[in-house]
Amino acid sequence: MSPLVVALIYFGSFLAVGLAAKIAIGMWMKKSGVDLPDLQAQAGPNRRKHKAFLLGAWRNED
């Protein structure tokens, strides 16, 4: 088996699982009527804002 096929199978399976989880969580959040700002609001005004390193870039949570 060529290395390209092995890489496609290996990385493709991770992408497929991630995509399935993203879709399932999105459907569950729509069904329950919850959104990310709603969840962040539950933490209250004293919630610490932080910087996060996400996919090779710094992101400020404002």
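The text that follows walks through the structure, step by step, so that each part is easy to find. (Residues numbered from 1 in each chain as written. Predicted model: local features only at pLDDT ≥ 70, side-chain atom pairs only at ≥ 80, totals over all residues. Heavy atoms only, no water.)

Let us look at the packing of aromatic side chains. The final tally for this structure, using the stated rule, is two aromatic pairs. Here the aromatic rings of Tyr10 and Phe14 are separated by 5.1 Å at their centres, their planes lie at 75°, and the arrangement is edge-to-face. Taken together, the residues Tyr10 and Phe14, both in helix H1 (residues 3–32) and four residues apart, mark about one turn of the helix. By relative accessible area, which is 48% here, Tyr10 ends up partly exposed. For Phe14, a relative accessible area of 52% corresponds to the exposed category. Linked through ring pairs, Tyr10, Phe11 and Phe14 together constitute an aromatic cluster. (Phe/Tyr/Trp six-rings, centres within 6.5 Å; stacked < 30°, edge-to-face > 60°. Helix = DSSP H or I, 4+ residues; strand = E, 2+ residues; numbered from the N terminus. Buried < 20%, exposed > 50% of the residue type's maximum accessible area, 1.4 Å probe, protein only.)

Here Leu39 shows up in helix H2 (residues 36–42). Owing to a relative accessible area of 41%, Leu39 belongs among the partly exposed residues under this scheme. Look past the residues within four positions of Leu39 in its chain and what remains in contact with it is Met29 and Val34. (Contact = heavy atoms within 4.5 Å.)

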